[in-house]
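Here are the chains, one letter per residue:
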Amino acid sequence: MAPDLRNCPMCGRTFAYQGRNICNKCLEKEDDDYAIVRRYVRDNPGASVAEVAEATEIDEEKILQFLRDGRLVTKGMRYTTMCERCGKTISSGKFCDSCLKQLGAQFKSVIPSARKAPEPETKPRDKGKDRMHIIGED
Ligand SMILES: [Zn+2]
Ligand SMILES: [Zn+2]
């Protein structure tokens, strides 16, 4: 079977795809970076992402990626990210509190209307109107 060749987005090299989007060299580098970040955070609990990036010379974006991947789970680190809806800085998850509330409200509002009882299609007949009479004719 022909190898699935791809270009590494990190270094541009062509490599055989094996389940990871980056080449082995970059993968190794990423693991090294991860080890460095992890060590730094362990030694410096409470450091912000920006501080870690500066101290380790590793891209802030990459550190955030470690956090998003769940690889870097640290108690001390002040992890901030952005709300996917409004861009507000949040400490965890995908959305800020107010967007979560709004999304929750939107979601809830759908349910009662779907459950609303259907209007009766025909109203009970007014019997009086069934009786015809012609007025003004003999
Ligand atoms: Zn690469
Ligand atoms: Zn938001």
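Residues numbered from 1 in each chain as written. Chains lettered and ligands numbered in written order. Predicted model: local features only at pLDDT ≥ 70, side-chain atom pairs only at ≥ 80, totals over all residues. Heavy atoms only, no water.

Visitor: For this particular structure, what's the right way to read the coordination of the zinc ion (ligand 1)?
Guide: Reference geometry at the metal: tetrahedral coordination by four donors gives ideal angles of 109.5 degrees; octahedral coordination by six donors gives 90 or 180 degrees. Around the zinc ion (ligand 1), the protein contributes the donor atoms Cys8 (SG), Cys11 (SG), Cys23 (SG) and Cys26 (SG), at 2.2 to 2.3 Å from the metal centre. The coordination sphere of the zinc ion (ligand 1) comprises four donor atoms, whose angles at the metal cover 107 to 116 degrees; the geometry is tetrahedral. In terms of primary sequence, the donors binding the zinc ion (ligand 1) are separated according to C-x2-C-x11-C-x2-C. Of this pair, cysteine 8 sits in the loop between strand 1 (5-7) and strand 2 (14-16) while cysteine 26 sits in helix 1 (residues 24-43); the two residues are 18 residues apart in sequence, bridging distant segments of the chain. What makes cysteine 8 buried here is its relative accessible area of 3%. Residue class for cysteine 26 comes out buried when judged on its relative accessible area of 12%. (Donors = N, O, S within 2.8 Å, 3.2 Å for Na, K, Ca; no water. Tetrahedral: all angles 85-135°; square planar, octahedral: opposite > 155°, others 65-115°. Helix = DSSP H or I, 4+ residues; strand = E, 2+ residues; numbered from the N terminus. Buried < 20%, exposed > 50% of the residue type's maximum accessible area, 1.4 Å probe, protein only.)

Visitor: Looking at this structure, how should I read helix 3 (residues 60-69)?
Guide: Taken as a whole, helix 3 has its buried residues at Lys62, Ile63, Leu64, Phe66 and Leu67. Residues of helix 3 that are buried in the fold lie against helix 1 and helix 2 (49-56). A positive backbone phi angle near 80 degrees is found at glycine 70, which sits one or two residues after helix 3. (Contact = heavy atoms within 4.5 Å.)

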